[in-house]
Number of protein chains: 2
Amino acid sequence: MLAEKRLPFDLRVEKVWERRPEYLEMNPAGTVPTLEEDNGLIIPDSAVICEYLDEAYPDQGLLGRTLAERIEVRRLCAWFDGRFAHEVTNNLYGEKHLRRMAGRGNPEPAAIRTGYTALRYHLDYIGWLAENRKWLAGSMLSQADFAAAAHLSTLDFLGEIDWSISPAAKDWYARIKSRPSFRGVLADRVAGVTPPAHYTDLDF
Amino acid sequence: MLAEKRLPFDLRVEKVWERRPEYLEMNPAGTVPTLEEDNGLIIPDSAVICEYLDEAYPDQGLLGRTLAERIEVRRLCAWFDGRFAHEVTNNLYGEKHLRRMAGRGNPEPAAIRTGYTALRYHLDYIGWLAENRKWLAGSMLSQADFAAAAHLSTLDFLGEIDWSISPAAKDWYARIKSRPSFRGVLADRVAGVTPPAHYTDLDF
C-alpha cells in the first residue's frame, strides 16, 4: 500500500517471538507491522495503518468513494485479516513454517489439513469475486486487493498455492503482480527459503 | 454506539451457529452483528459498522479528531476485538457458555484457565489506561471505550469478572454503565441466564 501510494519507506525485520521491550513499547500487542513516521508518529496493526494511510495521504485513495464501496472494502479486509488469516495463513504459514523458524517445535498435521481445505474453499470465493468484479471489492483497486494479496503472496512464496484450483483467482493475482507497487514484494526474500520458480513470474 | 449517537434501532437475535442462508447472504462471514439500514444498505462486522457509523453520522464522533487520536482509538478497538477476544472472550464466553448453548458439547478446562489468566492480566492493562487517561483512548469518550465495554459487559453478565482485581478498571466501567446509551445494554437479557446482582447496579 505504501508503494501504491508512492510513499517512500524503509523496511526493518522484527522477530516478534523475541518480544523486544523497545518494540512492545511501540506496539503493546507485539504484532507486525508497525509503521513509524518521520514525525515520530507510531502506527501499529496493519488495519490501523491502512486506515491511517488513507486519512493522512488521501491521494490514490484505496478505501472507495461512496459509503457502500467503503463498507465492501472494509468487509473484505476484515474477512482476509480475520477468517482467511485464522483458517489459512495461521495454519499454512504460522503452523507449518513460522513455528519452526521461531523454534517452537513441529507443526500440527491437523492444522495443516484444515489450512489446505480452507484454502481451496476460499480461493474459489476469491475467483468468484474476480469473475464478477473488476477488482475484489468492485470497480476500483482497493485495500481489499492488497489485503488478499498480502496473504496469498506469503503463501505463494512458500509454494503452498495450487493456482489451478481457480483460474479466475490466478488471473486476478497476475494483475496484482504486474503492478509496479508489487515489485518490492516480489523481490523481497527470507533467509533460508527459496520461493517456487513461478513466484516472481508475471505470466505464471 | 447507535444509542450513544442517538440513532434509533431494532435488535434481532441471530443464532449464528444455525448458519441461515438468508443471513449468510447478508454477511458471508456468518458473524454478528450485521447492521441493516432503512435504505437497504447492509453493513457486516462490528469494526466495519463502527467505521461506517462515524462516516455516515459524523455528529457525536467517536473516532477522535486528530490523526494521532484516531490511531489510538483504532489500535485499542483492534486490540479488544483481536487479542482480548481471542484470549478472554472466546474462552470465557465462547468456550464456557456459547458452546453449550449451541449444543457443541462441554467446555475445554484448559481454555477456561487461559481465559481467567488473560482476563486478570488485561484488566490490569485497562486499569492502567483508566488511571492515566480520562477515557481509555485519551481525553474523549471513543469507540475504544465501547469496544472494551462490549466484551466486559458480556463477561460481567455471565458473572465472570472479579472487579476487585482492578479498582481503576471498575471505576471506568461504572462511568460507562452510567451513560444513558448503556441502559439498553444493561436491560437486555438472554433466556436461561440470570446475571449477577451487581450487573445493572451503577454503584457496584
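What you see is a predicted model, and the numbers here were worked out from it, not measured in a lab.

### Some details on the domain arrangement of chain A
Residue and element names in this part refer to chain A.
- By domain assignment, chain A separates into domain 1 (1-61) and domain 2 (67-200).
- Domain 1 and domain 2 are separated by 20 Å when their C-alpha centres are compared.
- At the junction of the two partners, domain 1 supplies nine residues and domain 2 supplies twelve residues.
- Between domain 1 and domain 2, a total of about 900 Å² is buried, with carbon and sulfur atoms accounting for 54% of that surface.
- For the interface between domain 1 and domain 2, the tally reads two salt bridges.
- The salt bridge involving Arg179 is made with Glu4; its shortest N-O contact spans 2.7 Å.
- In this structure, the connection of domain 1 to domain 2 is made through four residue pairs in polar contact (both at pLDDT 80 or more).

### With respect to the interface of chain A and chain B
- Taken together, the 22 residues of chain A in the interface contact 23 residues of chain B.
- Summed over both sides, the interface of chain A with chain B buries roughly 2000 Å², with 68% coming from carbon and sulfur.
- At the junction of chain A with chain B, the criterion picks out six salt bridges.
- Here A:Glu55 and B:Arg74 are joined by a salt bridge, their closest N and O atoms 3.0 Å apart.
- In this structure, the connection of chain A to chain B is made through four residue pairs in polar contact (both at pLDDT 80 or more).
- Mapped by element, the contributors of at least two residues to the side of chain A that touches chain B are strand 2 (42-44), helix 2 (46-56) and helix 3 (67-101) of chain A.
- Here the element with the most residues in the side of chain A that touches chain B is helix 3 of chain A; it accounts for nine residues.
- Counted by class, the side of chain A that touches chain B contains 15 nonpolar, no polar and seven charged residues.

About the thresholds
- Residues numbered from 1 in each chain as written.
- Chains lettered and ligands numbered in written order.
- Predicted model: local features only at pLDDT ≥ 70, side-chain atom pairs only at ≥ 80, totals over all residues.
- Heavy atoms only, no water.
- Domains from an automatic or database assignment.
- Contact = heavy atoms within 4.5 Å.
- Buried area = accessible area lost by both parts, 1.4 Å probe.
- Salt bridge = Lys/Arg side-chain N within 4 Å of Asp/Glu carboxyl O.
- Polar contact = N/O pair within 3.5 Å; in protein donor to acceptor, adjacent residues only side chain to side chain.
- Helix = DSSP H or I, 4+ residues; strand = E, 2+ residues; numbered from the N terminus.
- Nonpolar A, V, L, I, M, F, W, Y, C, P; charged D, E, K, R; others polar.

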